[in-house]
Amino acid sequence: MHDATAAAHPHDLGHGPHGADSALIKGDKTYGQVTEEVFAPIERLPNKAWFAAVALTGSMLALGAWAVFQTLTKGIGTWGLNKTVGWAFDITNFVFWVGIGHAGTLISAILYLFRQHWRTSINRAAEAMTIFAVMCAGLFPIIHMGRPWVAHWALPLPNTRGPLWVNFRSPLLWDVFAISTYFIISAVFWYIGLLPDLATARDRAEHPVRKRLLNLLSLGWNGANRTWKHYESVYGLLAGLATPLVVSVHTIVSMDFATSVIPGWHATLFPPYFVVGAVFSGFAMVLTLMIVARKLMNYEEYITASHLDAMCKVVLTTGSIVALAYATEFFVAWYSGNPYERYVFLNRALGPYKWAFWTMVSCNVITPQFFWFEKFRRTPWIIFILCIFVNIGMWFERFVIIVTSLHRDYLPSSWAMYRPTFIEFATLIGSFGLFLTLFLIFCRVLPMIAASEVKGVLKHGQEQ
Amino acid sequence: MNHAASTPASPSDRFEGLGHVPELIRLGRTLRGAAVGALVLGALLLLTGAGQGGARLWGNLLVAGVNLTHVGLGGLFLVAATRLTNARWSDPILAAPHAMPKVLPWALGVMLVLWFGAAVLYPWARPEAASDHLLHLRAAWLNKPFFWGRIVLYFVLWHFLGRLMLRRKSFTAPFMVSFGLTLSLASFDWIMSLEPAWYSTIFAIYGFAGMFLQGIAVVAMSAVALRRFGLLPHGVQKSPNHDLGKMLFAFSAFWAYIWLSQFLLIWYANIPEEVGPIKVLLSRPWAPLYFLNLALNFVVPFHLMLNRKAKDLESMMLWAGAVVLAGHWLDLYLMIFPPLTGGAAPKLGLPELGGILFTLGLGHLAVWPRLTRKKETL
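Residues numbered from 1 in each chain as written. Chains lettered and ligands numbered in written order. Predicted model: local features only at pLDDT ≥ 70, side-chain atom pairs only at ≥ 80, totals over all residues. Heavy atoms only, no water.

Engineer: Is there a simple way to think about the overall build of chain A in this case?
Structural biologist: Scanning chain A for helices and strands turns up 16 helices and zero strands. By the compact-globule yardstick of 23 Å for 464 residues, chain A fits well, its C-alpha radius of gyration being 23 Å. For chain A, with 464 residues in total, the buried portion stands at 58%. Once local pairs closer than 6 in sequence are excluded, the contacts in chain A between residues at least 24 apart make up 82%. Within the structure as shown, chain A displays about 19,200 Å² of accessible surface, and the carbon and sulfur contribution to it stands at 70%. Of the side-chain charges in chain A, 34 are positive and 26 negative, and the distance between the mean point of each set is 6 Å. (Helix = DSSP H or I, 4+ residues; strand = E, 2+ residues; numbered from the N terminus. Rg over C-alpha atoms; globule rule 2.2 N^0.38 Å. Buried < 20%, exposed > 50% of the residue type's maximum accessible area, 1.4 Å probe, protein only. Contact = heavy atoms within 4.5 Å. Areas by Shrake-Rupley, 256 points an atom, 1.4 Å probe, with all protein chains shown as cover. Lys, Arg positive; Asp, Glu negative; His and termini not counted. Charge placed at Lys NZ, Arg CZ, Asp CG, Glu CD.)

Take a look at the structure:
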């Protein structure tokens, strides 16, 4: 990265002419073609299928809004929680959505620093998913507060409430900082990356209002060498800043559990294990949506089989690390000789929630192993199905960790079962509605592929 | 990024090996003499720790055994990781990680010798373990024949799968799978079982983080040495320090992350049987070493490698590498010694010096011939 400015193109980070980069984009495209193909979809009106999709996801969102309204007007009693299981569906959804967000930052920041040029075709959409997923995640703790209108009390603001002050020792407060920082940095990073493309959209715009609006949004980008140079510095700096955030957010989320003294929750392995699980689920979600989007939007020459292959390898690697973490937890629970630790893990595998546990193991441990075979890594419909299973499995992982650890703890007289209510299901469906609606809008309003970055890895103009 | 580094050299461009440079033959001989001297002196000094129950002899030998294993595995892991990510920056520096696994058979020897000190090191290997409820529960896993049988198994897998992996690309991913499992179990076995009641699920990753950080340091220092002796391929104009500097920077931060995860969670939860060992390390005689460990593995290398220009300076790389090597030794010392001495004040003296000399001598003798062998650099 240090000599990025000396390279032929700002985004060519100095690999020289040889290497696999030349094959990243199929179809031997020219710069003009890339511009045309990336920007054309956002310059015409969406088709009927898009409206149908938005109607569906909008209905899901409306159902969720109804559920949240019920929760807020009637109270948390509309959920299936009880005195023993005080966290369940809601916090599962929260951790699930935070996890989904991780692929975007990993792709945009870490893969950038590692000079993985295949990221250029997918980073824009993945980063958008990060932002939408964090929005969905943030909703759940706020709803769980019961009185979301005082959500700002979670911020350490000077106040007139006397000595009432946030508890800096609580990992729940660390969450507030971690997630808000993550959201802000991800959004800024995404927006900065959008600037050159917004400027291209502006230059192509015909309607004066659209032109003015895009000019404003692109901060008057002029494409000068100096502008590019500054842009590159900022982008590199933001990548450096965002890299620790990939790790910190889920580390803090894991500490919501791991700082406790509950067997099944208190494990020192949790921080890296949660981070890897988050990347695993995030990549599965990116693959799920991108496989549909590349087909519907004709981006198959941009998001090629090689891209899918690389992403599947990430899913395989992280899935295998997650499997190793499960095995480690079980082994150490046995090894510890601690009867409570041993019981919690036996109860997970053989107790009343064993169906959830075995769903988790089947989806998270077995499913990714199919990606050992190159044929599976390059066949979109197979990837799509496998990644759906990974998404299901990762949702269940959080459910298993949260519910099975709580429902039977030290005091057998307090043992209880947890069953989710319709309101809770509706809230989860609503969060998917929000996520998908935002994604659908994004696909139609902003260039889904980072055209300026893709041009940097084109074969065209490099070797002539 | 070093552009020239990624240009594949034609066979005739490869360096011609030590055999053609008289000064280097002499240097090689001098270094070998020094290494033999260090090995013998180290072994003798180690024996001075045989008194008072022999904890300092066996403890230092365990530190040396784990350390040498970590050097070998660090090389193997670096090769596998760069291959799986299709990395090209690492091409010119692969000589060192290819040579480092040569130390593994010697490390196995050290680990096997520990059989004779089992009762000194491991509470579960003592006769009174049979009456201890907690140790009795684990007896199926922690008993002498199975324990040392596993040691042999781990080394067989590392050595043979490692060799296959170095020769054939298709073995890289299977090697990684076996590596993840065996390294985890080895960390739990060799070090965590020193402390009977204590357990931490992150322990294997903590060991891995230190191992890989040290591996990068060894590779970085070898790369500097190879370039100074003119043993890098001809195509390589300047040493590929910059990328290794970034790796050192990143993995010192990773080590600190894992260190913090373990420390913070145990300290925060404050569960008596878990927090005990941490309390010992935070108490007066150990605390300075405990924080020195953090400085050597994180604060110093992280800040030395933060600056862009510093990553290009060979002297800076040597310093950072040396600090990390010292840090990894101290890290292992702090994992292994407090349970052995029952929390008594640390004693740093001749046996510890002996252990370090022994490690350096053995490591050099195992790695150097391969490192400087003809046509091995590319």
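Engineer: Sorry if this is basic, but what is going on with the overall build of chain B here?
Structural biologist: For chain B, the count of helices and strands is 14 helices and zero strands. What you see in chain B, going N to C, is helices and strands ordered as α-α-α-α-α-α-α-α-α-α-α-α-α-α. The C-alpha radius of gyration of chain B comes to 21 Å, within 12% of the 21 Å expected for a compact globule of 378 residues. Oriented by its inertia axes, the alpha-carbon framework of chain B measures out at about 70 × 40 × 40 Å. Classification of the 378 residues of chain B by burial places 57% in the buried group. For chain B, the share of sequence-separated contacts (at least 6 apart) that also reach a separation of at least 24 residues comes to 81%. A total accessible area of about 15,300 Å² is found for chain B, and carbon and sulfur atoms account for 68% of it.

Engineer: Teacher, can you tell me more about the packing of helix α5 (residues 123–144) of chain A against helix α6 (residues 171–204) of chain A here?
Structural biologist: Packed helix pairs are characterised by how far apart their axes lie and by the angle those axes make with each other. Residue and element names in this part refer to chain A. Axis separation between α5 and α6 bottoms out at 10 Å; the angle between their running directions is 150 degrees. If you check the angle between α5 and α6, you find them roughly antiparallel. Note on packing geometry: the crossing formed by α5 with α6 is left-handed. In this structure, α5 uses Arg124, Glu127, Ala128, Thr130, Ile131, Val134 and Met135 to contact α6, whose residues at the interface are Ile179, Tyr182, Phe183, Ser186, Ala187, Phe189, Trp190, Gly193, Leu194 and Asp197. Among the residues making up the contact of α5 with α6, the classes are represented as 11 nonpolar, three polar and three charged. (Axes fitted to C-alpha atoms, helices over the stretch in contact; angles between N-to-C directions. Parallel < 35°, antiparallel > 145°, perpendicular 65-115°, else oblique. Left-handed = near helix turned anticlockwise from the far one by under 90°. Nonpolar A, V, L, I, M, F, W, Y, C, P; charged D, E, K, R; others polar.)

Engineer: Could you clarify how one ought to interpret the side chain of threonine 69 of chain B in this entry?
Structural biologist: All names here are of chain B. The topology assignment puts threonine 69 in helix α2 (residues 55–84). Given a relative accessible area of 0%, threonine 69 falls into the buried group. Residues within four places of threonine 69 in sequence aside, it is in contact with Leu104, Ala107, Phe155, Trp158 and Trp190.

Engineer: Help me understand empty space enclosed by the protein in this model?
Structural biologist: Over the atoms, a rolling probe the size of a water molecule traces out where space has been left empty. Residue and element names in this part refer to chain B. Enumeration according to the criterion identifies 10 cavities of 30 Å³ or more in this entry. Quantified by volume, the largest cavity comes out at close to 310 Å³. Lining the largest cavity are 20 residues, and of these Trp198, Gln262, Leu281, Leu334 and Met335 lie nearest its centre. Taken together, the elements giving at least two residues each to the lining of the largest cavity come down to α9 (203–228), α10 (241–269), α11 (272–282), α12 (287–304) and α13 (314–341). Per-element accounting of the lining of the largest cavity gives the leading share, five residues, to α13. Of the residues that constitute the lining of the largest cavity, the class distribution is 16 nonpolar, two polar and two charged. (1 Å grid on protein atoms, 1.4 Å probe; cavity = no way out; pocket = protein on both sides within 12 Å on 5 of 7 lines; lining within 4 Å. Points joined across faces, edges and corners; volume = space filled by probe spheres on them.)

Engineer: Before we go on, may I ask you to explain the environment of threonine 85 of chain B in this structure?
Structural biologist: All names here are of chain B. Locating threonine 85 in the fold gives a position in the loop between α2 and α3 (95–99). For threonine 85 and proline 369, which are 284 residues apart along the polypeptide, the C-alpha to C-alpha distance reads 29 Å. Polar contacts involving the side chain of threonine 85 include one to the main-chain carbonyl oxygen of alanine 81, which spans 2.8 Å. Reaching out from threonine 85, the side chain makes a polar contact with the backbone oxygen of threonine 82 at a distance of 3.2 Å. (Polar contact = N/O pair within 3.5 Å; in protein donor to acceptor, adjacent residues only side chain to side chain.)

Engineer: What am I meant to see in the interface of chain B and chain A here?
Structural biologist: Where interface size is given, it is often the accessible area lost as the parts come together that is meant. Counting from both sides, the interface comprises 41 residues of chain B and, opposite them, 43 residues of chain A. Across the chain B/chain A interface, buried area totals approximately 3,600 Å², and carbon plus sulfur atoms make up 64% of it. Viewed at the interface, chain A and chain B are joined by one salt bridge. Here aspartate 243 of chain B ties to arginine 115 of chain A by a salt bridge, and the two come within 3.3 Å at their closest N and O atoms. (Buried area = accessible area lost by both parts, 1.4 Å probe. Salt bridge = Lys/Arg side-chain N within 4 Å of Asp/Glu carboxyl O.)

Engineer: Honestly, unusual backbone geometry in this entry has me stumped. Any pointers?
Structural biologist: The general pattern is negative phi for most residues beyond glycine and trans for most peptide bonds. With a phi angle near 55 degrees, arginine 115 of chain A is a residue other than glycine that sits in the positive phi range. Structurally, arginine 115 of chain A is set in the loop between α4 (102–113) and α5. Unlike most non-glycine residues, asparagine 86 of chain B shows phi in positive territory, near 55 degrees. Here asparagine 86 of chain B is to be found in the loop between α2 and α3.

Engineer: How should I be thinking about the packing of helix α4 (residues 104–113) of chain B against helix α7 (residues 144–167) of chain B in this particular structure?
Structural biologist: Residue and element names in this part refer to chain B. Two numbers describe how α4 lies on α7: the axes approach to 10 Å, and their chain directions differ by 180 degrees. The angle between α4 and α7 places the two elements in the roughly antiparallel class. Of α7, the residues touching α4 (which contributes Leu104, Pro105, Ala107, Leu108, Met111 and Leu112) are Trp148, Ile151, Val152, Phe155, Trp158 and His159. Residue composition of the contact of α4 with α7, by class: 11 nonpolar, one polar and no charged.

Engineer: In this structure, what is going on with the confidence of the model for chain B? I would like to understand it.
Structural biologist: In regions of low pLDDT, the predicted coordinates are not meant to be interpreted in detail. Scored by pLDDT, chain B has a mean of 87; 90% of the residues are at 70 or more. A low-confidence stretch, residues 1–16 of chain B stays under pLDDT 50, and its non-local contacts, those more than four residues away or across chains, total 29 contacts. (pLDDT = per-residue confidence, 0-100.)

Engineer: How should I be thinking about the nonpolar core in this particular structure?
Structural biologist: Soluble globular proteins tend to pack their nonpolar side chains together in the buried interior. Ranked by size, the top nonpolar core spans 136 residues in total, and within it Phe94, Trp97, Phe283, Tyr302, Phe435, Phe442 and Met448 of chain A carry the most contacts. Here this core takes 15 residues from helix α9 (residues 270–296) of chain A, the largest share from any one element. Formed by 123 residues, the second largest nonpolar core is a distinct cluster that contains Ala64, Leu108, Met165 and Met335 of chain B. (Core = buried A, V, L, I, M, F, W, Y, C linked by side-chain atoms within 4.5 Å.)

Engineer: Looking at this structure, how should I read the side chain of threonine 251 of chain A?
Structural biologist: Locating threonine 251 of chain A in the fold gives a position in helix α8 (residues 225–258). Leave out the neighbours within four places in its chain, and threonine 251 of chain A touches Pro271 and Val275 of chain A together with Tyr257 of chain B.

Engineer: Can you help me understand the confidence of the model for chain A in this one?
Structural biologist: The pLDDT averaged across chain A works out to 89; a share of 94% of its residues lies at or above 70. Here residues 1–22 of chain A is a poorly scored stretch, pLDDT under 50, and it has 53 contacts once near neighbours within four places are set aside; other chains count.

Engineer: Please clarify how helix α11 (residues 339–350) of chain A should be interpreted in this entry.
Structural biologist: Spacing of three or four residues puts side chains on the same side of an α-helix, whose turn is 3.6 residues. Residue and element names in this part refer to chain A. Between its first and last C-alpha, α11 extends 16 Å over 12 residues, near the 16 Å set by a 1.5 Å rise per residue. Restricting attention to buried positions, one finds in α11 the residues Glu341, Val344, Phe345, Asn347, Arg348 and Ala349. Contacts made by the buried residues of α11 are with α10 (305–336), α12 (354–366) and α14 (380–407). The N-terminus of α11 is capped by asparagine 338, whose side-chain oxygen sits 2.9 Å from the backbone nitrogen of tyrosine 340. (Expected span 1.5 Å × (residues − 1).)

Engineer: Before we go on, may I ask you to explain the packing of aromatic side chains in this structure?
Structural biologist: For any pair of aromatic rings, the description consists of the separation of the ring centres together with the inter-plane angle of the planes. A full pass over the atoms with the stated rule returns 79 aromatic pairs over all chains. On the basis of an interplanar angle of 80 degrees and a centroid distance of 5.9 Å, the ring pair of tryptophan 355 of chain A and phenylalanine 396 of chain A is categorised as edge-to-face. Of this pair, tryptophan 355 of chain A sits in helix α12 while phenylalanine 396 of chain A sits in helix α14, and the two are 41 residues apart along the sequence. Take phenylalanine 396 of chain A: its relative accessible area is 15%, and that puts it in the buried class. Taken together through their ring pairs, the aromatic side chains of Phe89, Tyr353, Trp355, Trp395, Phe396, Phe399, Tyr418 and Phe425 of chain A make up a single cluster. We note lysine 144 of chain B situated over the ring of tryptophan 115 of chain B; from NZ or CZ to the ring centre the distance is 4.4 Å. The aromatic ring of tryptophan 141 of chain B is capped on one face by arginine 150 of chain B, whose charged end is 3.8 Å from the ring centroid. (Phe/Tyr/Trp six-rings, centres within 6.5 Å; stacked < 30°, edge-to-face > 60°. Lys NZ or Arg CZ within 6 Å of the ring centre and 35° of its normal.)

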